[in-house]
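# A look at the structure
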Amino acid sequence: MNHPIDLSNGERLARARADMRIGVPVLLSHEGQDALAVAAETATARRLQELRAMGEVALAITARRAETLRARVYDGDLGRVRVPSDADVTWVHATADPAEDLAQPMKGPFSSLRGEEGPAPLLARAALRLAKSARLLPAALLVPHTGPVPEGLVRLPASLALDIHPAPLAELVSARVPLAVSQAGRVHVFRSPLDEAEHVAVEIGSPPRDRPVLARLHSACFTGDLLGSLKCDCGPQLHAALARMAEDGAGVLLYLDQEGRGIGLANKMRAYSLQDQGFDTVEANHRLGFEDDERDFRVGAQMLRALGFSAVRLLTNNPRKVARMEEAGLRVTERVPLQVGLNDHNAAYLATKAAKSGHLL
Ligand SMILES: Nc1nc2c(ncn2[C@@H]2O[C@H](COP(=O)(O)OP(=O)(O)OP(=O)(O)O)[C@@H](O)[C@H]2O)c(=O)[nH]1
Ligand SMILES: [Zn+2]
């Protein structure tokens, strides 16, 4: 007998994200129409050939990317260009990735798909959202699909990809870790079964759970935190926050797996390469097809609550973090400024954050 295993919506979404990441097609569906979607970045020559055998392949990109490429846009924030029959996978990668514009300037002219009736634009938009949530460039190959679900592939309603919530987190393990700033350190690791991210809470001392805790939500910055990069202020902020908690005798620092404001290290480096061409931190994110800030701070609120806290004194210059905590039901009794690490290399970056992202100076 055949006993089917029924995947939940969350499991389907997690599968789809993982498949995108490794270049396996995802079958997206909406109102009876299906399309196979493959992230442009992880597409291979063989995969492109397989898709071509099924029909006309389109490359979905953001309208902003389309504008740079001088390709017509008929679907608002979304551009869909035909993949020419003689284009190889290098064309796909170079069309998707603005960081390669200088190296490969001639890719056009482009022929865009018109804003046809029906679900095609919505399927394309869902594919871009899925690619983003897999921390890939928002660009995807799509080909219409009819008939049964190809063996081994996951079929996902497009609406699920268009409305992604942070997966529920649980504490996995904690252990004592004496730190240079305080011997009373404890590291808690959080994970979700539906996500590859691992978030960490560093607890200093024994903060009482019934009082507002001195807390910091620190988004991972490999370059700043580990390498001492001068392009941002992350490293000095990380160390100053821990020192401040040690001084106060108690606190909790959440080290969130949200590299590059949620776009991942590879995309952050793509943004840096655009910054080397003269774009600021916000413009660079936009040109890649991302919002200025792709982080979901509900992750931090979940962790604080799981640790037993309901009120915080938040170490930050970012008013959005305060607002997001309050929206998530945590009381922010005080915003504690954290201004450290200004240097010649990051002065413009910090000024842009103040001007465009509302950071307080
Ligand atoms: N995409 C992108 N991410 C960056 C850039 N520079 C730093 N980051 C990331 O930004 C995050 C840190 O966020 P910040 O905006 O510096 O500070 P904040 O956390 O919003 O606010 P504070 O609490 O005041 O520090 C980390 O994940 C860094 O990796 C950049 O130029 N582009
Ligand atoms: Zn940084």
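In this text the structure is predicted, and so the values were computed from the model without any measurement.

## Let's talk about empty space enclosed by the protein
Tallied over the entire structure, the rule returns one cavity of 30 Å³ or more. Volume-wise, the largest cavity comes out at about 50 Å³. If you go around the largest cavity, the residues you meet are Ile61, Thr62, Arg65, Ala96, Leu137, Pro138, Ala139, Leu288 and Gly289. Tallied by class, the residues present in the lining of the largest cavity amount to six nonpolar, two polar and one charged.

## A word on the sheet that holds strand S10 (residues 213-219)
In a beta sheet, neighbouring strands pair by backbone hydrogen bonds and run either parallel or antiparallel. Here we have seven strands laid out as an open sheet, ordered S7-S8-S9-S11-S10-S12-S13, and mixed in their pairing. Each having just a single partner strand, strand S7 (170-176) and strand S13 (331-336) make up the two edges of the open sheet. For this sheet, the mean inter-axis angle between neighbouring strands, taken without regard to orientation, is 25°. Examined bridge by bridge, strand S9 (residues 198-204) and strand S11 (residues 251-256) share five bridges and lie antiparallel to one another. Bridge assignment links Ala201 to a residue of S11, and that residue is Leu254. Its contacts with the sheet put helix H8 (residues 234-248) on S9, S10, S11, strand S12 (311-315) and S13, and the angle it makes with S10 is roughly 165°. The sheet strands contacting helix H12 (residues 298-306) are strand S8 (185-191), S9, S10, S11 and S12, and the helix crosses S11 at an angle near 140°.

## Comments concerning the domain arrangement of the chain
On domain assignment, one finds that the chain holds domain 1 (9-162) and domain 2 (170-258 + 295-357). Taking only C-alpha atoms into account, the centre of domain 1 sits 35 Å from that of domain 2. Across the contact, five residues belong to domain 1 and five residues belong to domain 2. Looking at the side of domain 1 facing domain 2, the largest losses of area belong to Ala14, Arg17 and Arg135, adding up to 76% of the total buried there. Inspection of the region where domain 1 meets domain 2 yields one salt bridge.

Definitions and limits used
Residues numbered from 1 in each chain as written. Chains lettered and ligands numbered in written order. Predicted model: local features only at pLDDT ≥ 70, side-chain atom pairs only at ≥ 80, totals over all residues. Heavy atoms only, no water. 1 Å grid on protein atoms, 1.4 Å probe; cavity = no way out; pocket = protein on both sides within 12 Å on 5 of 7 lines; lining within 4 Å. Points joined across faces, edges and corners; volume = space filled by probe spheres on them. Nonpolar A, V, L, I, M, F, W, Y, C, P; charged D, E, K, R; others polar. Pairing = 2+ DSSP bridges. Helix = DSSP H or I, 4+ residues; strand = E, 2+ residues; numbered from the N terminus. Axes fitted to C-alpha atoms, helices over the stretch in contact; angles between N-to-C directions. Contact = heavy atoms within 4.5 Å. Domains from an automatic or database assignment. Buried area = accessible area lost by both parts, 1.4 Å probe. Salt bridge = Lys/Arg side-chain N within 4 Å of Asp/Glu carboxyl O.

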